[in-house]
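# Architecture and fold: a report
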Amino acid sequence: MATETRVFLEVRRQLQSALLILGEWKEAGLLVDISITPSSLQMKTPEGCTEIRLPAEVRLVPSSCRGLQYVAGDGLHFRLQAQAAFSTKLVSMFTQSLQAQDVCTFYCQSCGEVVIRDRKLIRVLPLPSENWGALVGEWCCHPDPFANKPLHPQENDCFIGDSFFLVNLTSDLWQSRPELAPVKMHCLSPENHFKLNPKANTKVICKRCKVMLGETMSSETTKFYMTEIMIQSSERNFPIIPRSQFVQSIIAQCLVELSSARSTFRFSIQGHDGKAYILLWLLNSDSLVIESLGSSKSVKKFPLLEDKSKTYSSSVWNSVKVLYQPCITGRNEKLASSWETDISVHSLTLPSATCLELLLILSSNNAMLPPSLRYMNSFQVAYLKM
């Protein structure tokens, strides 16, 4: 049987380049013959041959191989040209692809409980940025016409924020609804939309699994977090997606969309309690990552960022590469404080439990990387699949 070898491959689609790492062999001094073809990697030893077939979407250019070096703890590093004909796969994130006249059902993503059934959406609109009120003041020569007018969705509206949806639950009084806590609210300013009584319990809880789904903003308006709610056409059944995969996809898409729309690449992940949990720095969004543990037979599974029960056809994903720093238990307080006052840093608010979930996902993905790729300066490195 051939000695097991760990293989890591990151393909940058826009740069058409790849970093290939062949892990260290357990037996020192073992003679290894390595062959790279456009569609596979082959490693021959006196004990046998290991072949790793690449997904159909990925093609390498063997003649471009350069930068060969040995890194202790990792193995052999190569750089070469590559092509990855792979389109971005979005996982059930509610965007304007679901437009007017769509009849949708809102589910708790954790357990599949129906939160809102058969809601016909007439308007699906993005909310303005949080500082839009200040821009109105700069551009208007007359008093702000939107002053003290919070953005309330009407019965068949859905307003989309950075990490949440705003919906009106008035028409769902007759249906089984999530547990809504009493709330006190009064208008503040356009850019803040609402001001809540800090002592009021505003949580919206799933009746079945007791997960926090969102918060009540008024007697009619409810904010649902994107990481907790799955919205599907009522003609389709609830899709079972692993929790880790869903959270990664939603966060990755939020980071990509915000970085594109606002040219911001640093994010503070905050809990609904107002505390900062994670500092994120988006490095790139065009990575395709493959990682496998070779054996004597052709390898068809790529476990990094992937559920091990998945088939070969779904084992390769577009990913975003991020740097992160945890802020729990008093860690990185000075850095978190400086980011809080930096106007180039964008805040994303999620349920506190989801912030901890995300931190666990980042830590797990970081531990799967070759040792030399786990840190960059003082930050830890991770990939989030889309």
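Everything that follows concerns the structure shown earlier in this document.
A brief report on the enclosed structure follows. In this text, all values refer to a predicted model and were calculated from it rather than measured experimentally.

A word on the nonpolar core. Ranked by size, the top nonpolar core spans 48 residues in total, and within it Phe224, Ile278, Leu280 and Leu362 carry the most contacts. Counting residues per element, this core draws most heavily on helix α2 (residues 243-262), which supplies 8 residues. One finds Val7, Ala18, Ile36 and Ala82 within the second-largest nonpolar core, a separate group that totals 20 residues.

This brings us to the pairing of strand β8 (residues 102-108). With 5 of its 7 residues buried, β8 lies for the most part within the structure. Relative to strand β9 (residues 114-121), β8 is paired through 5 bridges, and the arrangement is antiparallel. Residue pairing for β9: Asp102 is matched across the bridge by Leu121. Counted between consecutive antiparallel strands, the loop separating β8 from β9 contains 5 residues, among which Gly112 sits at a positive phi close to 85 degrees. With 5 bridges connecting them, β8 and strand β19 (residues 229-233) associate as antiparallel partners. Looking at β19, one finds that Cys104 is bridged to Ser233.

Their axes nearest at 10 Å, the elements α2 and helix α4 (residues 352-368) cross at an angle of 95 degrees. In terms of their interaxial angle, α2 and α4 are classed as roughly perpendicular. Here Arg243, Ser244, Val247, Gln248 and Ile251 of α2 come into contact with α4, specifically with Thr354, Glu357, Leu358, Ile361 and Asn365. When its residues are assigned to classes, the contact of α2 with α4 shows 4 nonpolar, 4 polar and 2 charged.

All right, on to the packing of aromatic side chains then. By the definition in use, this model includes 6 aromatic pairs. Ring pairs connect the aromatic residues Trp281, Trp339 and Phe379, which therefore count as one cluster. Stacked on the ring of Phe164, the Lys or Arg Lys223 has its end atom at 5.1 Å from the ring centre. Here the guanidinium or amino end of Arg266 rests over the ring plane of Trp339, the centre of that ring lying 5.0 Å away.

All right, on to α2 then. Between the first and last C-alpha of α2 there are 28 Å, a value that for 20 residues agrees with the 28 Å anticipated at 1.5 Å per step. Where burial is concerned, most of α2 is hidden: 14 out of the 20 residues are buried. Ser263, located one to two residues past α2, shows a positive phi value of around 50 degrees.

Quick look at the sheet that holds β9 now. Read across the open sheet, the 3 strands follow the order β9-β8-β19; overall the sheet is antiparallel. Of all the strands in the sheet, just β9 and β19 have a single pairing partner and so form its edges. Strand-to-strand twist across the sheet, computed as the mean angle between neighbouring axes with direction ignored, equals 25 degrees.

Along the chain, the position of Leu151 falls in the loop between α1 (132-139) and β11 (157-160). Each C-alpha atom of the pair Leu151 and Leu166 lies 9.3 Å from the other, and the pair is 15 residues apart in sequence.

The rules behind these values
Residues numbered from 1 in each chain as written. Predicted model: local features only at pLDDT ≥ 70, side-chain atom pairs only at ≥ 80, totals over all residues. Heavy atoms only, no water. Core = buried A, V, L, I, M, F, W, Y, C linked by side-chain atoms within 4.5 Å. Buried < 20%, exposed > 50% of the residue type's maximum accessible area, 1.4 Å probe, protein only. Helix = DSSP H or I, 4+ residues; strand = E, 2+ residues; numbered from the N terminus. Pairing = 2+ DSSP bridges. Axes fitted to C-alpha atoms, helices over the stretch in contact; angles between N-to-C directions. Parallel < 35°, antiparallel > 145°, perpendicular 65-115°, else oblique. Contact = heavy atoms within 4.5 Å. Nonpolar A, V, L, I, M, F, W, Y, C, P; charged D, E, K, R; others polar. Phe/Tyr/Trp six-rings, centres within 6.5 Å; stacked < 30°, edge-to-face > 60°. Lys NZ or Arg CZ within 6 Å of the ring centre and 35° of its normal. Expected span 1.5 Å × (residues − 1).

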